[in-house]
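Results of the structural survey
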Amino acid sequence: MRKSPGPVEKFTFASDRADAELLSELAGLDAQIRDLGRICQMPASFIGLDYQTEPSFFTALNAFGNLHDLVLIQPRGFATLAGLGIRSVRRAYLGGQAADIGYLHHLRFHPDIRGGSFLLRGYRAFREIFADRPLPVTLTSILEENHYARQLLEAERAGGGMPVYQQVSRYLTALIPLSGPGRRWPQKYRSQQPGTFAHRMLQNSDLPALVALFARAGHRNEGAPYVDRIESDGSLRGFFGLKIEDMIGVFAGDELVGAIGIWNQQHYRQIVVHHLCRPLALAQRLWRSIEMLVGRCPVPGVGGRVDFVLLDPWAAEPGLESMVMPVLIRAACEEAKKRGAMFAALGMAEKFPALAAINSVFFLPYWSIIYQVFWPETGKHEFAGRPLHLANLGAL
């Protein structure tokens with residue numbers, strides 16, 4: 001439970017041990033965290049998106065890992081939470097072996113305390129967490145266009161308590177609109193390898209082959225997701241709400257050489273539109289007036305939810321990535337359309353061998369920077385000799 005009461009508080013939450021009683025006890029804090037997220041929306045000139053975790057933030061944390069160290073900030077005079085940061089622990093491949101890695105996320109500061117001492121005080125608490133619970137690497141991501149945050153955090157300060165933010169890789173999130181002209185949309189061209197591979201939805205009996213595929217990919221790719229078993233609720237461990245029946249497998253003969261998830265997180269993580277620029281709002285209203293002719297408008301109005309799925313996690317046979325990934329993407333988009341989604345999102349590190357496969361579909365690109373976060377005494381991981389796959393999109 002919560003400890004060290006005061007303006008800056010550390011709190012550890014274990015998703016895999018949380019029951020209904022604990023979630024009920026944390027309901028007040030849960031509501032404050034969700035409210036803080038709405039207050040800290042990023043300004044947007046084109047389209048503003050509110051990333052929500054209804055009905056429970058602590059339930060949504062399952063997607064980030066099984067153990068979470070939270071830093072909570074509530075200055076004297078504030079009736080509710082004013083600052084937040086979380087390091088989550090999840091299983092991934094590092095140096096060819098399965099390992100627990102950290103992911104730093106949900107850094108939120110109320111506008112009234114930005115520019116004060118609480119950023120530094122929060123990172124001092126994280127420094128203690130990094131020392132008390134050492135991990136081989138902790139990663140984080142920042143949108144490439146968020147120049148304010150990057151300039152603030154990339155400046156390596158001598159002393160003062162701030163960590164080093166060391167760039168590891170650029171990371172592409174491809175937002176794929178699934179509604180468009182023509183039956184083949186969003187594909188740009190016909191398959192170049194008809195008959196080479198077959199694909200189908202996986203089932204429980206495919207679990208050993210799926211585990212082996214992710215292990216082969218993990219031995220080759222740093223930060224690749226780890227898959228090992230099915231939980232009692234039917235989900236793949238580490239991928240809250242994703243069942244093996246939501247995974248598409250690509251086969252060369254009888255061998256599984258690729259797999260990708262159709263991960264719908266909307267029952268615990270939502271994207272809600274809170275602002276549309278005037279031209280986009282006009283276009284959205286025009287589209288809605290002719291929906292009977294052109295189909296459903298993919299962009300909801302203000303207050304509406306974006307209907308999306310994540311194409312995640314995924315793995316491709318080492319050495320066959322450039323051949324397998326276009327097949328996986330095509331099959332995943334077709335399945336996502338069947339399930340009624342309007343958008344699909346796929347994430348991939350810039351230097352991954354099959355990055356060009358994303359160009360087989362129409363998409364909107366969003367670039368982030370993946371950083372390694374560390375202090376001098378906590379050490380850092382040397383990313384060398386293996387392609388950088390990095391954190392799966394569903395946990396970013």
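Let me sum up the structure you'll find in this document. None of the values given here were measured: they were computed from a predicted structure. (Residues numbered from 1 in each chain as written. Predicted model: local features only at pLDDT ≥ 70, side-chain atom pairs only at ≥ 80, totals over all residues. Heavy atoms only, no water.)

As a further point, take the overall build of the protein. On a plain count of helices and strands, the protein comes out with nine helices and 14 strands. By the compact-globule yardstick of 21 Å for 396 residues, the protein fits well, its C-alpha radius of gyration being 21 Å. A burial count over the protein gives 52% of its 396 residues as buried. Contacts spanning at least 24 positions in sequence make up 76% of the contacts within the protein whose residues lie at least 6 apart. Of the accessible surface of the protein, which amounts to about 18,200 Å², a share of 54% is contributed by carbon and sulfur atoms. When the 42 basic and 37 acidic side-chain charges of the protein are each reduced to a single mean position, those positions are 5 Å apart. (Helix = DSSP H or I, 4+ residues; strand = E, 2+ residues; numbered from the N terminus. Rg over C-alpha atoms; globule rule 2.2 N^0.38 Å. Buried < 20%, exposed > 50% of the residue type's maximum accessible area, 1.4 Å probe, protein only. Contact = heavy atoms within 4.5 Å. Areas by Shrake-Rupley, 256 points an atom, 1.4 Å probe, with all protein chains shown as cover. Lys, Arg positive; Asp, Glu negative; His and termini not counted. Charge placed at Lys NZ, Arg CZ, Asp CG, Glu CD.)

Attention now goes to the environment of I358. For I358, the position within the fold is in the loop between β13 (343-349) and β14 (364-374). In this structure I358 comes out as buried when scored by relative accessible area, which is 1%. Once the C-alpha coordinates of I358 and T173 are considered, the two residues, 185 residues apart in sequence, prove to be 9.9 Å apart. Apart from the residues within four sequence positions on either side, I358 is in contact with L172, A174, I329, L346, M348 and F363.

Within this model, the second largest pocket holds a volume of roughly 640 Å³. Elements with a minimum of two residues in the lining of the second largest pocket: α3 (57-60) and β4 (83-94). A total of three residues in the lining of the second largest pocket trace back to one element, the largest contributor, which is β4. (1 Å grid on protein atoms, 1.4 Å probe; cavity = no way out; pocket = protein on both sides within 12 Å on 5 of 7 lines; lining within 4 Å. Points joined across faces, edges and corners; volume = space filled by probe spheres on them.)

The next subject is a nonpolar patch on the surface. Residues I290, M292, L293 and V294 make up a contiguous nonpolar surface patch of roughly 480 Å² in combined accessible area. For L293, the position within the fold is in helix α8 (residues 291-294). (Patch = residues over 30% accessible without salt bridge, like charges linked within 9 Å, V, L, I, M, F, W, Y side chains within 5 Å. Salt bridge = Lys/Arg side-chain N within 4 Å of Asp/Glu carboxyl O.)

Before going further, it helps to spend a moment on helix α9 (residues 321-338). Taking 1.5 Å of rise per residue, the 18 residues of α9 would be expected to cover 26 Å, and the 25 Å separating its terminal C-alpha atoms lies within 8% of that figure. Taken together, the buried positions of α9 are occupied by E321, V324, M325, V327, L328, I329, R330, A331, A332, C333, E335 and A336. Those residues of α9 that are buried lie in contact with β7 (164-177), β8 (198-201), β9 (247-252), β10 (255-263), β12 (308-316) and β13. Where α9 ends, the next residue or the one after it, G340, has phi of about 90°, a positive value. (Expected span 1.5 Å × (residues − 1).)

The residue after E54, namely P55, is reached through a cis peptide bond having omega 5°. Within the secondary structure, P55 sits in the loop between β2 (47-52) and α3. Here W185 and P186 are connected by a cis peptide whose omega angle stands at 10°. Tracing the backbone through its elements, the reader meets P186 in the loop between β7 and β8. For H106, which is not glycine, the phi dihedral falls at a positive 55°. With respect to the helices and strands, H106 occurs in strand β5 (residues 97-109).

Moving on to the state of the cysteines. Formally, a disulfide is one covalent bond, and it connects the sulfur atom of one cysteine to the sulfur atom of another. Summed over all chains, the structure comprises zero disulfides. Its sulfur unpaired, C333 is 19 Å from the next cysteine sulfur, which belongs to C297. (Disulfide = S-S within 2.5 Å.)

Next up on the list: the sheet that holds β13. The strands that make up a sheet are held in pairs by hydrogen bonds between backbone atoms, and each pair lies either parallel or antiparallel. Strand order in the open sheet formed by 12 strands is β1-β3-β4-β5-β6-β14-β7-β13-β12-β10-β9-β8, with mixed pairing between adjacent strands. Looking at which strands have only one partner, the edges of the open sheet turn out to be β1 (8-14) and β8. Looking at each pair of strands side by side, their axes are set apart by 25° on average, direction ignored. Contacts from helix α4 (residues 118-132) reach β1, β3 (67-73), β4, β5, β6 (138-143), β7 and β14, with the element oriented near 155° to β3. (Pairing = 2+ DSSP bridges. Axes fitted to C-alpha atoms, helices over the stretch in contact; angles between N-to-C directions.)

Time to look at the packing of aromatic side chains. Note on aromatic pairs: each is described by the distance of the centres and the angle between the planes. Counted by the stated rule, this structure contains 12 aromatic pairs. A centroid spacing of 4.7 Å and a plane angle of 5° characterise the contact between W185 and F362, whose relative ring orientation is stacked. Here W185, found in the loop between β7 and β8, pairs with F362, found in the loop between β13 and β14; they are 177 residues apart in sequence, far enough to count as distant. The buried category is assigned to W185, whose relative accessible area is 17%. Given a relative accessible area of 34%, F362 falls into the partly exposed group. Both rings, one in F239 and one in W263, keep their centres 5.7 Å apart while their planes meet at 70°; by these two values the pair is edge-to-face. Taken as a pair, F239 in the loop between α6 (207-220) and β9 and W263 in strand β10 lie far apart in primary sequence, 24 residues in all. Each member of the aromatic cluster is reached from another via a ring pair, and the members are F11, F13, F57 and F58. Above the ring of Y226, the side-chain terminus of R91 is found at 5.8 Å from the ring centroid. (Phe/Tyr/Trp six-rings, centres within 6.5 Å; stacked < 30°, edge-to-face > 60°. Lys NZ or Arg CZ within 6 Å of the ring centre and 35° of its normal.)

Another aspect to go through is the nonpolar core. Core analysis: the largest hydrophobic core is formed by 63 residues, its most contacted members being F58, L70, L210 and L236. Counting 33 residues, the second largest nonpolar core, distinct from the first, contains V257, I262, W314 and M325. (Core = buried A, V, L, I, M, F, W, Y, C linked by side-chain atoms within 4.5 Å.)

The next subject is the pairing of β5. Within a regular beta strand, the side chains point alternately toward one face of the sheet and then the other, so they alternate between its two faces. When β4 meets β5, the two strands line up antiparallel, connected through 11 bridges. Of the residues in β5, the one forming a bridge with A92 is A99. Where β4 folds back onto β5 in an antiparallel hairpin, the turn is made up of two residues, including G95, whose phi is positive at roughly 60°. In terms of strand pairing, β5 meets β6 through two bridges, oriented parallel. Bridge pairing in β6 places G102 opposite T138. Handedness of the crossover joining β5 and β6 through α4: right-handed. (Right-handed = clockwise from strand over helix to strand, strands pointing away.)

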